[in-house]
Amino acid sequence: MARTPWRVRLSAAASFADHLLCHADSLISAWLDTRPLRNTLADAAAWLGQTWRTHLHAAHVRRYGPGRGVIAVVINHPTNETEENRER
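The rules we used
Residues numbered from 1 in each chain as written. Predicted model: local features only at pLDDT ≥ 70, side-chain atom pairs only at ≥ 80, totals over all residues. Heavy atoms only, no water. Helix = DSSP H or I, 4+ residues; strand = E, 2+ residues; numbered from the N terminus. Areas by Shrake-Rupley, 256 points an atom, 1.4 Å probe, with all protein chains shown as cover. Contact = heavy atoms within 4.5 Å. pLDDT = per-residue confidence, 0-100. Patch = residues over 30% accessible without salt bridge, like charges linked within 9 Å, V, L, I, M, F, W, Y side chains within 5 Å. Salt bridge = Lys/Arg side-chain N within 4 Å of Asp/Glu carboxyl O. Buried < 20%, exposed > 50% of the residue type's maximum accessible area, 1.4 Å probe, protein only. Expected span 1.5 Å × (residues − 1).

A few words now on the overall build of the chain. When its secondary structure is counted, the chain shows three helices and zero strands. Mapped in sequence order, the helices and strands of the chain form the string α-α-α. On the chain, roughly 8,800 Å² of surface is accessible, and the fraction owed to carbon and sulfur atoms is 62%.

Shown next, in the form of structure tokens:
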């Protein structure tokens, strides 16, 4: 049997720790009769992610400009010249 890669094991360990923290948070919130901390942290993470994306976009526009990154398309029109006209 092949051994599981270290990234998968690390991801599983982090997921397990997260699962335990969420259960502990629920128990403590129920005991204290308050809003679970994970909901507050989820709101904060959503705000932080939105703010990060906004600043990242602003930095990109500041560096490259709003019109950069668009692929230019060149259209070659066929010429109507005949061989006689080209030789002149």
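Alright, that's what it looks like, and here's the rest.
By secondary structure assignment, the location of arginine 9 is in helix H1 (residues 6–32). Arginine 9 has contacts with Arg3 and Thr4, leaving out every residue within four places of it along the chain.

Turning our attention to the confidence of the model for the chain. Should pLDDT be low for a region, the predicted coordinates there are not to be read in detail. Here the chain averages 79 in pLDDT, while 74% of its residues score no lower than 70. Here helix H3 (residues 83–87) stands out as the least confident element of the chain, with mean pLDDT 59; H1 is the most confident, with 88.

Okay, the side chain of aspartate 25 next. Positionally, aspartate 25 belongs in helix H1. Look past the residues within four positions of aspartate 25 in its chain and what remains in contact with it is Pro36, Leu37 and Arg38.

Side chains of Ile28, Trp31 and Leu32 sit close together on the surface and give an oily, nonpolar patch of about 400 Å² of accessible area. Inspection of the secondary structure puts isoleucine 28 in helix H1. According to the relative accessible area criterion, isoleucine 28 is partly exposed, its value standing at 47%.

Turning our eyes to something else, we now look at H1. Compared with the 39 Å implied by 1.5 Å per residue over 27 residues, the 39 Å span of H1 between its first and last C-alpha is a close match. At the exit of H1 stands aspartate 33, carrying a positive phi of roughly 60°.

By secondary structure assignment, the location of serine 29 is in helix H1. In this structure serine 29 touches Thr34, Arg35, Pro36 and Leu37, once residues within four positions along its chain are discounted.

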